[in-house]
Amino acid sequence: MPQRIRESLAILLITILPLHALLVTVLTKAIAGAGHAPLPVLAVWKEGLLGIILLLAAYEVFRSRDAASRLRVDLIDALIAALILLSIIVTIFTHGDLKLYLFGFKYDFVPLIAFMILRRVNWSADFQEQAFKVLLAIGGVVAAYGILTFFLPQQFFTALGYSDLHSLYLPDSPLAAFQQIGGSGLRRVQSTMSGPNQLGLWLLLPWTLGLLKVLKGKQLFQWIAYFGIIDFALFLTFSRSAWIAACVIIIIALFRGDADATIRKAALWLLGIFGILLIVGGIFAPNIILRIASSSDHLERPFIAIATILEKPLGWGMGLAGPASNRVSDACVYLPRGADASWAADRPNLCVFVGNAQIQPVDRACECPFLPENWYLQIGVELGILGFVLFVTLIVLILRRVFKTSGELDQIIAFGFLGVSIAALFLHAWEDAAVSLTLWALLSSAAASK
């Protein structure tokens, strides 16, 4: 009975997670009115549900006849435990701020602890089947709604409770409904999620599912139609990190498994055509494809993070980099030299930089978040060189193990995990709960300890 309840709750969690941002936005407006930041009491449901799942799992482990063997520690467990212990030690000897530590702990370690516990319990043969049926259905809905939002007017989103701005994260304001590519007015869709990058990374799971079905050549028409919807939504995110991850998944999938020979050739041609189109787009529409300002940040910030690590190789402490830093810092906007910032005049709490100069507010210096734009370097900034090495070793070890599995659904999980791990080279890819909790929970069912 506990196993059946746990698996049902896990399916429920996987189903609702991609809808979290939309539901919280709509419910916040219904309860508190327009213009309010997401209500914390609505936002913590996922942590509460995850806590119940983990308590049930712990109960199963300690009540099982083979509890001693299930509690046996392997290298994966040792690496996770070492990272957590290191985070405590480094934080005590650096900033010592418990609140900041807990923010960092939530993003860095809650999914890893969930994985460490859930890989010790049994998962029924039906769990993965049900989970991927849910991902198949909810993936189609999220993708279709995302495509629709590319065309809907701003008034539609403000009626739902979203901010009347776009492209900005303001801690004390509602969520923006979409981002725009600077200088083009072109939307980057985020569908029901909190941002286009988060949507792009989450879509890698149903996208991979559709891809592997198409490559097998069975029920080809319906799978091509499904894959096409997911693929178009993934394209409209304009998340280049998700695009890169998708291309790597395609290349590896084409040379692994049992892909139909004809479809493999067609896929290679299509991949080549897509690459040519990207090159042409980079030449004739660089503000959309290359996005120099954004690309320079993605190149510059990792080097700043590396310099920070070398400056303090033992680490700066938990919560001082990445999404946790975002939660406790000012909301900062960086505009190119000569840009017009008059649109921000009615939002005095928004920190605006034009070039390297802070022009708003004028009465205080802003404390902007430290975003390395690389999850591995974020860990390195927080936990030092040792933490960086331990985390990279953990990811590599998990990838090696999960790709040794032979089941079709296990392979989808493996490719999804690989895609997010690649995107983490360019983004804080594990920050979104829909991405991290879904993948680590599914990974638990694929790599459960025996």
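Residues numbered from 1 in each chain as written. Predicted model: local features only at pLDDT ≥ 70, side-chain atom pairs only at ≥ 80, totals over all residues. Heavy atoms only, no water.

> Which residues make up empty space enclosed by the protein, and what are the values?
A water-sized probe, rolled over the atoms, reveals where empty space remains. According to the stated counting rule, one finds five cavities of 30 Å³ or more in the structure shown. The space that makes up the largest cavity amounts to roughly 70 Å³. Every residue along the wall of the largest cavity is listed here: Tyr107, Asp108, Pro111, Leu112, Trp375, Phe391, Ile395, Trp430, Ser436 and Trp440. Broken down by class, the residue content of the lining of the largest cavity amounts to eight nonpolar, one polar and one charged. (1 Å grid on protein atoms, 1.4 Å probe; cavity = no way out; pocket = protein on both sides within 12 Å on 5 of 7 lines; lining within 4 Å. Points joined across faces, edges and corners; volume = space filled by probe spheres on them. Nonpolar A, V, L, I, M, F, W, Y, C, P; charged D, E, K, R; others polar.)

> Give me the lowdown on the state of the cysteines, citing residues and values where you can.
One pass over the structure, following the stated rule, counts two disulfides. A sulfur-sulfur separation of 2.0 Å characterises the disulfide bridge that pairs Cys332 with Cys368. Judged by the sign of its S-S torsion, about -90°, the bond between Cys332 and Cys368 is left-handed. Taken as a pair, Cys332 in strand β3 (residues 332-335) and Cys368 in the loop between β5 (357-360) and α18 (375-402) lie far apart in primary sequence, 36 residues in all. Sequence-ordered numbering of the bonded cysteines in the protein chain yields a pairing of 1-4, 2-3. (Disulfide = S-S within 2.5 Å. Helix = DSSP H or I, 4+ residues; strand = E, 2+ residues; numbered from the N terminus.)

> Outline the environment of Ala114, supporting the account with residue identities and numerical values.
Structurally, Ala114 is set in helix α8 (residues 110-118). Sequence spacing of Ala114 and Leu98 is 16 residues, and the spatial spacing of their C-alpha atoms is 21 Å. Contact partners of Ala114, with chain neighbours within four places excluded, come to Leu50, Leu54 and Ser444. (Contact = heavy atoms within 4.5 Å.)

> Pulling in residues and values, what's your account of the packing of aromatic side chains?
Under the counting rule described, the total for this entry stands at 19 aromatic pairs. A ring pair is formed by Phe156 and Phe157, whose centres lie 5.4 Å apart and whose planes are at 80°; its orientation type is edge-to-face. Of the residues examined, Phe157 reaches a relative accessible area of 2% and is grouped as buried. When the centroid spacing of 5.8 Å and the interplanar angle of 55° are considered together, the rings of Tyr376 and Phe391 count as tilted. In terms of burial, Tyr376 and Phe391 fall into one category: buried. Among the aromatic side chains, those forming a connected cluster through ring pairs are Phe115, Phe417, Trp430 and Trp440. Its end group placed over the ring of Phe178, Arg187 keeps NZ or CZ at 4.2 Å from the ring centre. When the ring centre of Trp316 is taken as reference, the NZ or CZ atom of Lys312 above it lies at 4.9 Å. (Phe/Tyr/Trp six-rings, centres within 6.5 Å; stacked < 30°, edge-to-face > 60°. Buried < 20%, exposed > 50% of the residue type's maximum accessible area, 1.4 Å probe, protein only. Lys NZ or Arg CZ within 6 Å of the ring centre and 35° of its normal.)

Function-wise, these values are silent; they only describe arrangement.
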